[in-house]
Amino acid sequence: MNKVGFTTFSKKYKELVEAYLKESVSQLSAPTQIKEAMLYSLEAGGKRIRPLLLFATLEAFGKKGELGIEAAAAIEMIHTYSLIHDDLPSMDNDDLRRGKPTNHKVFGEAYAILAGDALLTYSFQVISSASSEAIPTEVKIQLITELAKASGAEGMVGGQVADMDGEGKDLSLDELEYIHIHKTGKLLAYSVVAGAMIAGANNQLLEKFTTFAHHLGLAFQIRDDILDLEGDQEIIGKKVGSDEQNNKSTYPSLLTMEGARQSLLEHITLAKDALNSMELETEILKEITDLVANRNH
């Protein structure tokens, strides 16, 4: 797919998921203040890389991306909740997120915590309410189960704990990879595998998509570590150098900047190798892989 094709794809599905997020939260029978806090962070922008991965995976099978709208929205809700909680004074204590004041700076810590809680729990409701014609009941159960694993103690939350415990310590590369596979990689991988599950992929294809997503997730984090040192704060939308300030081990600190760039290239290559091993239309996924490697925010 050429750049024009990807641009059209990205615009279409970003608009689709953003409209769905706004509508689904706005219609909740809940206090206005909590809905405003939820929407504030949901509508802060961002790359929407996780929903785009899910939609692109569906399209690789020749399926309509719209089939995955509920799962895509659920992923973005969980990702957004994690950012709200990450920014809290008790966690990373950040003032900016995507160029805007963080949730707790606008609504206060209590509402920020509750907004994150609400997004987390609502994500599962959204998947369970998907039309059974679009997603069979057994697939919905599988989607919910795997999302809970990817975002909970076995996934993102476990990675966050390991990340906090690793502050101020000289971590090994294996320890650093454990953090990033769980904190970032599990939810990213779920985005791809969820699309494959909705499309009805067999176990062999699910394994190949899991391999692709594993390497893409590590590449994403390596690029994140690089940007934290040399990115443009105005483009990134948050302070640079926060990892160093918080005494966190990173890929550049362990491998040198040149070593981190080489590792990034290796994981991008392995991700594309996994895509090339499938007889599917994976051009959009390859475009997203290149975006991960070259992104500036």
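These lines cover the structure that appears in this document, whether it is placed above or below. The residue numbers shown here count from 1 along each chain, following its written sequence. For this predicted model, a pLDDT threshold of at least 70 governs which residues receive local features, and a threshold of 80 or more governs which side-chain atom pairs are given and counted, while totals over whole chains, interfaces and linings are taken from all residues. For the side-chain quantities, the full set of heavy atoms in the structure was used; hydrogens and water were omitted.

## Some points on the overall build of the protein chain
Then step 1. Secondary structure follows DSSP: runs of H or I at least 4 residues long count as helices, runs of E at least 2 residues long count as strands, and numbering of each begins at the N terminus. Each helix and strand in the protein chain was counted, giving 14 helices and 2 strands.
Then step 2. Radius of gyration: over C-alpha atoms. The globule rule applied is 2.2 Å multiplied by the number of residues raised to the 0.38 power. For the protein chain, whose C-alpha radius of gyration is 18 Å, the value lies close to the compact-globule estimate of 19 Å for 297 residues.
Then step 3. Taken over the C-alpha atoms alone, the protein chain extends approximately 50 × 50 × 35 Å along its principal axes.
Then step 4. Relative to all contacts within the protein chain whose residues are 6 or more apart in sequence, the contacts with residues 24 or more apart total 73%.
Then step 5. Here the protein chain displays about 13400 Å² of accessible surface, and carbon together with sulfur accounts for 51% of that area. Whether two residues are in contact is decided by their heavy atoms: any pair within 4.5 Å suffices. Here the accessible surface of atoms and residues is derived via Shrake-Rupley with a 1.4 Å probe, and residues count as covered only by protein chains that are part of the display.

## Structural notes on the packing of helix α3 (residues 49-60) against helix α10 (residues 203-230)
Then step 1. In this description, a line fitted to the C-alpha atoms serves as the axis of each element, helices being fitted only across the stretch in contact, and the angle between N-to-C directions of two axes falls anywhere from 0 to 180 degrees. Running from N to C, α3 and α10 point in directions that differ by 155 degrees, and their axes come no closer than 13 Å. The orientation of α3 relative to α10 falls into the category roughly antiparallel. The hand of the α3/α10 crossing is right-handed. Of α10, the residues touching α3 (which contributes I49, R50, L53 and T57) are F209, F212, L216 and F220.
Then step 2. In the scheme used here, Gly and all other residues not listed as nonpolar or charged are polar, with Ala, Val, Leu, Ile, Met, Phe, Trp, Tyr, Cys and Pro taken as nonpolar and Asp, Glu, Lys and Arg as charged. Of the residues contributing to the contact of α3 with α10, the split by class is 6 nonpolar, 1 polar and 1 charged. By definition in this entry, angles of less than 35 degrees are roughly parallel, angles greater than 145 are roughly antiparallel, angles of 65 to 115 are roughly perpendicular, and the rest are oblique. Each crossing gets its handedness from the near helix: less than a right angle anticlockwise from the far helix is left-handed, clockwise is right-handed.

## Notes on the packing of helix α9 (residues 173-199) against helix α13 (residues 251-276)
Then step 1. The interhelical angle for the contact between α9 and α13, taken along N-to-C directions, is 60 degrees, at an axis separation of 13 Å. As summarised for this structure, α9 and α13 are arranged oblique, according to the angle between their axes. Considering the relative orientation of α9 and α13, their crossing is right-handed. The residues of α13 that touch α9, namely those facing L173, L176, E177 and H180, are Y251, L254, L255 and H267.
Then step 2. Of the residues that constitute the contact of α9 with α13, the class distribution is 5 nonpolar, 2 polar and 1 charged.

## Description of the pattern of salt bridges
Then step 1. What makes a salt bridge here is a side-chain nitrogen of Lys or Arg within 4 Å of a carboxyl oxygen of Asp or Glu, nothing more. Scanning all chains against the criterion turns up 12 salt bridges.
Then step 2. Here D87 and R97 are joined by a salt bridge, their closest N and O atoms 2.8 Å apart. Here D87, found in the loop between α4 (69-86) and β1 (96-97), pairs with R97, found in strand β1; they are 10 residues apart in sequence, far enough to count as distant.
Then step 3. Partly exposed describes any residue whose relative accessible area lies between the buried limit of under 20% and the exposed limit of over 50%, with all areas from a 1.4 Å probe on protein chains only and scaled to the type maximum. Given a relative accessible area of 2%, D87 falls into the buried group.
Then step 4. In this structure, R295 and D224 form a salt bridge, with 3.0 Å as the shortest nitrogen-oxygen distance.

## What about the nonpolar core?
Side chains of nonpolar character tend, in soluble globular proteins, to be buried together.
Then step 1. For our purposes a nonpolar core is just a set of buried Ala, Val, Leu, Ile, Met, Phe, Trp, Tyr and Cys residues, chained together by side-chain atoms within 4.5 Å. Counting residues in each nonpolar core, the largest one holds 85 residues, and the members touching the most others are L53, L143, Y190 and F212.
Then step 2. In terms of residue count, α9 provides more of this core than any other element does, 12 residues in total.
Then step 3. In this structure, F212 is in contact with L53, V192, A271, A274, L275, L285 and T289, ignoring residues within four places of it in sequence.

## As for the side chain of E70
Then step 1. Its place among the elements puts E70 in helix α4.
Then step 2. For the buried E70, no salt bridge is present, and the opposite-charge side chain at shortest range is K140, 8.3 Å distant.
Then step 3. Ignoring sequence-local partners within four residues, the contact set of E70 consists of Y20, V126, I127, A130 and S131. The positive count covers Lys and Arg only, the negative count covers Asp and Glu only, and His and the chain ends enter neither.

## Some remarks on the packing of aromatic side chains
Then step 1. When two rings of Phe, Tyr or Trp (its six-membered ring) have centres within 6.5 Å they constitute a pair, described as stacked for plane angles under 30 degrees, edge-to-face for angles over 60, and tilted for the intermediate range. For the structure on display, the rule yields 5 aromatic pairs.
Then step 2. Geometrically, the ring pair formed by Y13 and F55 is stacked, given 4.5 Å between the ring centres and 20 degrees between the ring planes. Separated by 42 residues along the polypeptide, Y13 in helix α1 (residues 3-26) and F55 in helix α3 bring together distant segments of the chain. As far as burial versus exposure is concerned, Y13 and F55 are alike and both buried.
Then step 3. Through successive ring pairs, a cluster of aromatic residues spans F6, F9, Y13 and F55.

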